[in-house]
Amino acid sequence: MTSLPLDDALFDAMDTSILPTEEAESLPPLCYTDAAFYAFEKQAIFAKEWLCVGRESWAANPGDYFTSFIADEPLIVARGRDGVLRAMSSVCQHRAMLVAEGSGKTRAFVCPYHHWTYALDGSLAAAPAMERSCRFHKEDFNLPVFALEIWEGFVFINFDRDAAPLAPRLARVSDVLRGYDLPNAAGDKPAEEQRYPWNWKVMFENNNDGYHASKLHQGPLHDFIPSELAEFPDDLPHDTAGYYRTNRTLHPDAAFNATQRAVLPVFPGLSADERHRMVFANIPPTLSLVMTVDSVIYLILRADGPESHRVDQGVLTAPRAKADPAYAQKMAMGFLAASEIIDQDLHVDEMVQIGLRSRFAPRGRYSWQEGAQRLFNTWLVPRYRKAWAERNAEKGKSQVA
């Protein structure tokens, strides 16, 4: 796709996306389709923000590791022999071969190309036949290591080692999620990633959207959570790193299956009031949570192009859920219902991306039931505008020089 020039007018126009919901409009369509905007976004968002890459349980013991890929950066998360979890680049510092793929357990990362060997902390341990190379010092060729933080059992990394800590800016979200005890929730690592041909924000917005629920998903698998019972916080801190919405349900202990009721153990920390609602929590640009009383569906979104992204989708339950002899059958029942709903969403996402490429694509107005879209915009737009201002300032300096 032909890339369009980015200019001040584009970023000034984004002001209307962060007005109160009843006045706001959606982001300019090129934010979802344009190659130059995605290149800008990689620096404005993905190079500076905390990015979810998995669960801490995926690398629970020394030697355990898993790999990921986000915004063109391949990376490894590994538990060292000292018990410390670290995140580092997977790119060999010799010829750029990836030193690890998939997940597993290892004593070291050996590049299959030329057998440069890296310890679990990323330090270069061996570089065969390099003794004749001038001014070669192994300590100068360690794998780049990134900032890492655990929040609610999820692993977040940041390419900016000086980034402000994540957890303090998610205190309000953590308060809403407390009853789920997510650090101790149980769930297997997703078997494989999914890759979708639409912009990551299209997926993120759909996950946030309560407006479509009673329309697109109407029927016995979803009618217990009507759109008109959606609620949006209006007092989140200005520096929040995430946001949420809640949706009351027509009966307590509601869940996505043919019975409309929880079939797995309810998270024991939930109050009676919390058992009468669902929570949708979002930590942009990578983590989206859909929370019923007996399960949490998480989606880890990993942008890899202007019109594509990858998703790790998994399910968490209360720790004792697996003790039920019928656990597998009950999970299958939930997956059947969730799959029907997810398929509807995926079809819409694909068609929205096609529509966004059209010269007739609008900057749409929001219903009050789309308050979460405005919350997403209030996270995105200041970051876009700050990065654009910094780019202009750097450009001005270079012109003066």
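- By the naming in an unreviewed UniProt entry, the protein chain is SRPBCC family protein, taken from Nguyenibacter vanlangensis.
- Per UniProt, the protein chain carries the Cofactor (unreviewed entry) text "Fe cation".

## Considerations on the overall build of the protein chain
Here is step 1 of the chain: Helices and strands together make up the secondary structure of the protein chain, namely 7 helices and 17 strands.
Here is step 2 of the chain: In terms of overall size, the protein chain behaves like a compact globule, its C-alpha atoms giving a radius of gyration of 22 Å where 401 residues would be expected to give roughly 21 Å.
Here is step 3 of the chain: With respect to the principal axes defined by its C-alpha atoms, the protein chain has extents near 75 × 60 × 35 Å.
Here is step 4 of the chain: Buried positions account for 52% of the 401 residues belonging to the protein chain.
Here is step 5 of the chain: For the protein chain, the proportion of contacts with a sequence separation of at least 24, taken over those separated by at least 6, is 67%.
Here is step 6 of the chain: A total of about 18300 Å² of accessible surface is found on the protein chain, and carbon and sulfur atoms cover 53% of it.
Here is step 7 of the chain: With 41 positive and 53 negative side-chain charges, the protein chain shows a separation of 5 Å between the mean positions of the two kinds.

## What about the sheet that holds strand β4 (residues 85-89)?
Here is step 1 of the chain: With antiparallel pairing, the 7 strands of this open sheet are ordered in space as β1-β10-β9-β4-β3-β2-β5. Lying at the two open borders of the sheet, with one neighbouring strand each, are β1 (51-55) and β5 (103-105). The mean angle between the axes of side-by-side strands here comes to 30°, regardless of whether they run parallel or antiparallel.
Here is step 2 of the chain: Bridge count between strand β2 (residues 64-70) and strand β3 (residues 73-79): 6 bridges; the pairing is antiparallel. Residue pairing for β3: phenylalanine 66 is matched across the bridge by valine 77.

## Some thoughts on helix α6 (residues 327-356)
Here is step 1 of the chain: Taking 1.5 Å per residue, 30 residues should reach 44 Å; α6 reaches 42 Å between its end C-alpha atoms and fits that length.
Here is step 2 of the chain: Where α6 is concerned, the buried positions are Tyr327, Met331, Ala337, Ala338, Ile341, Asp345, Leu346, Asp349, Gln353 and Leu356.
Here is step 3 of the chain: In this structure, the buried side of α6 is in contact with β11 (194-196), α4 (200-208), α5 (213-216), β16 (296-305) and β17 (308-316).

## Topic: the packing of aromatic side chains
Here is step 1 of the chain: All chains considered together, the criterion is met by 22 aromatic pairs.
Here is step 2 of the chain: A centroid spacing of 5.5 Å and a plane angle of 75° characterise the contact between phenylalanine 154 and tyrosine 298, whose relative ring orientation is edge-to-face. With phenylalanine 154 in strand β10 (residues 154-158) and tyrosine 298 in strand β16, the pair connects residues that are 144 residues apart, well separated along the chain. The same class applies to phenylalanine 154 as to tyrosine 298, namely buried.
Here is step 3 of the chain: One aromatic cluster is present, formed by Phe11, Phe37, Phe40, Tyr384 and Trp388 through successive ring pairs.
Here is step 4 of the chain: Note that arginine 55 overlies the ring of phenylalanine 154, its terminal NZ or CZ placed 4.5 Å from the centroid.
Here is step 5 of the chain: Here lysine 189 stacks its cationic end above the ring of tryptophan 58, 4.9 Å away from the centre of that ring.

## Some points on the environment of alanine 186
Here is step 1 of the chain: Relative to the assigned elements, alanine 186 resides in the loop between α3 (171-177) and β11.
Here is step 2 of the chain: Residues alanine 186 and proline 325, 139 residues apart in the sequence, show an inter-C-alpha distance of 16 Å.

## Regarding the nonpolar core
Here is step 1 of the chain: With 100 residues, the main nonpolar core has Phe37, Leu177, Leu182, Leu287 and Leu289 as its most contacted residues.
Here is step 2 of the chain: Looking at which element gives the most residues to this core, the answer is helix α7 (residues 371-400), with 9 residues.
Here is step 3 of the chain: For leucine 177, the contacting residues outside a window of four places in its chain are Trp151, Leu182, Val279, Ala281, Leu289 and Met291.
Here is step 4 of the chain: Counting 17 residues, the second-largest nonpolar core is a separate cluster that includes Cys111, Leu124, Phe136 and Leu143.

## Notes on the sheet that holds strand β6 (residues 109-110)
Here is step 1 of the chain: An order of β6-β7-β8 is seen for the 3 strands of this open sheet, with the pairing classed as antiparallel. Looking at strand neighbours, the two that pair on one side only are β6 and β8 (124-126), the edges of this open sheet.
Here is step 2 of the chain: Pairing between strand β7 (residues 117-118) and β8: 2 bridges, direction antiparallel. By the bridge assignment, tyrosine 118 is partnered in β8 with leucine 124.

## Describing the pairing of β10
Here is step 1 of the chain: Within β10, 5 of the 5 residues are buried, which leaves the element mostly enclosed by the surrounding structure.
Here is step 2 of the chain: The alternating pattern of β10 places Phe154, Phe156 and Asn158 on one face and Val155 and Ile157 on the opposite face, and all of these are buried.
Here is step 3 of the chain: Across 4 bridges, β1 lies against β10 in antiparallel orientation. Looking at β10, one finds that leucine 51 is bridged to isoleucine 157.
Here is step 4 of the chain: Pairing analysis gives 5 bridges linking strand β9 (residues 145-151) to β10, with the strands arranged antiparallel. Along β10, the bridge assignment pairs alanine 147 with asparagine 158.
Here is step 5 of the chain: Taken together, β9 and the strand that follows it, β10, pair antiparallel across an intervening segment of 2 residues, in which glutamate 152 is found at a positive phi of about 55°.

## Let's talk about the side chain of arginine 383
Here is step 1 of the chain: One can find arginine 383 in helix α7.
Here is step 2 of the chain: Looking at arginine 383, its side chain comes within polar contact range of the side chain of glutamate 49, at 3.0 Å.
Here is step 3 of the chain: Those residues in contact with arginine 383 that lie beyond four places of it in its chain are Ala44, Ile45, Glu49, Arg169 and Thr240.

Here is what the cut-offs are and how they apply
- Residues numbered from 1 in each chain as written.
- Predicted model: local features only at pLDDT ≥ 70, side-chain atom pairs only at ≥ 80, totals over all residues.
- Heavy atoms only, no water.
- UniProt positions renumbered as here; feature names shortened; annotations may be inferred.
- Helix = DSSP H or I, 4+ residues; strand = E, 2+ residues; numbered from the N terminus.
- Rg over C-alpha atoms; globule rule 2.2 N^0.38 Å.
- Buried < 20%, exposed > 50% of the residue type's maximum accessible area, 1.4 Å probe, protein only.
- Contact = heavy atoms within 4.5 Å.
- Areas by Shrake-Rupley, 256 points an atom, 1.4 Å probe, with all protein chains shown as cover.
- Lys, Arg positive; Asp, Glu negative; His and termini not counted.
- Charge placed at Lys NZ, Arg CZ, Asp CG, Glu CD.
- Pairing = 2+ DSSP bridges.
- Axes fitted to C-alpha atoms, helices over the stretch in contact; angles between N-to-C directions.
- Expected span 1.5 Å × (residues − 1).
- Phe/Tyr/Trp six-rings, centres within 6.5 Å; stacked < 30°, edge-to-face > 60°.
- Lys NZ or Arg CZ within 6 Å of the ring centre and 35° of its normal.
- Core = buried A, V, L, I, M, F, W, Y, C linked by side-chain atoms within 4.5 Å.
- Polar contact = N/O pair within 3.5 Å; in protein donor to acceptor, adjacent residues only side chain to side chain.

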